[in-house]
Amino acid sequence: MILQTLLIFLVVRSFGYSPVTSFVVGISLAQIGEFAFVLLSKAVHLGIISEQLYLLMLGTTALSLLSTPLVYRTTRFILQGCLKIDMQERIPHLNEHIP
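Residues numbered from 1 in each chain as written. Predicted model: local features only at pLDDT ≥ 70, side-chain atom pairs only at ≥ 80, totals over all residues. Heavy atoms only, no water.

Caption draft 1: Region of the structure containing the packing of helix α1 (residues 2–14) against helix α2 (residues 19–29). It is at 8 Å that the axes of α1 and α2 come closest, and there the two elements cross at 140°. Here α1 is positioned oblique relative to α2, judged by the angle of their axes. The handedness of the crossing between α1 and α2 is right-handed. Across the interface between the two elements, Thr5, Ile8, Phe9, Val12 and Arg13 from α1 touch Pro19, Ser22, Phe23, Val25, Gly26, Ile27 and Leu29 from α2. Here the residues of the contact of α1 with α2 are counted per class, giving eight nonpolar, three polar and one charged. (Axes fitted to C-alpha atoms, helices over the stretch in contact; angles between N-to-C directions. Helix = DSSP H or I, 4+ residues; strand = E, 2+ residues; numbered from the N terminus. Parallel < 35°, antiparallel > 145°, perpendicular 65-115°, else oblique. Left-handed = near helix turned anticlockwise from the far one by under 90°. Contact = heavy atoms within 4.5 Å. Nonpolar A, V, L, I, M, F, W, Y, C, P; charged D, E, K, R; others polar.)

Caption draft 2: Molecular detail of the environment of proline 19. Along the polypeptide, proline 19 turns up in helix α2. Given the relative accessible area of 41%, proline 19 is considered partly exposed. Once the C-alpha coordinates of proline 19 and phenylalanine 9 are considered, the two residues, ten residues apart in sequence, prove to be 7.8 Å apart. With sequence-adjacent residues up to four places away left out, proline 19 is seen in contact with Phe9 and Arg13. (Buried < 20%, exposed > 50% of the residue type's maximum accessible area, 1.4 Å probe, protein only.)

Caption draft 3: Spotlight on the side chain of threonine 61. By the element assignment, threonine 61 lies in helix α4 (residues 51–82). If we skip the residues at most four places from it in the chain, threonine 61 touches Ile32, Gly33, Ala36, Phe37 and Leu40.

Below is the structure:
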């Protein structure tokens, strides 16, 4: 999830967006989606991946989905605390989405 966040951050940043916007987009898009369950199931049934790899990736997908709400809640604190960014000034609408 951290590597995905970093890669998405870099791509968004390369389009000229601010570091704050790039970070928020990176955090928002980094999670693994529910469709991964379907893809993994099909891959194991077709013999593309082993049963052991299937179980490992299934657990990783579940952990990603479960951790997403926590990551969203901590985004504001990371930006304010670690990066010393005033969220109301930079992204005034963010507080409407993150309680």
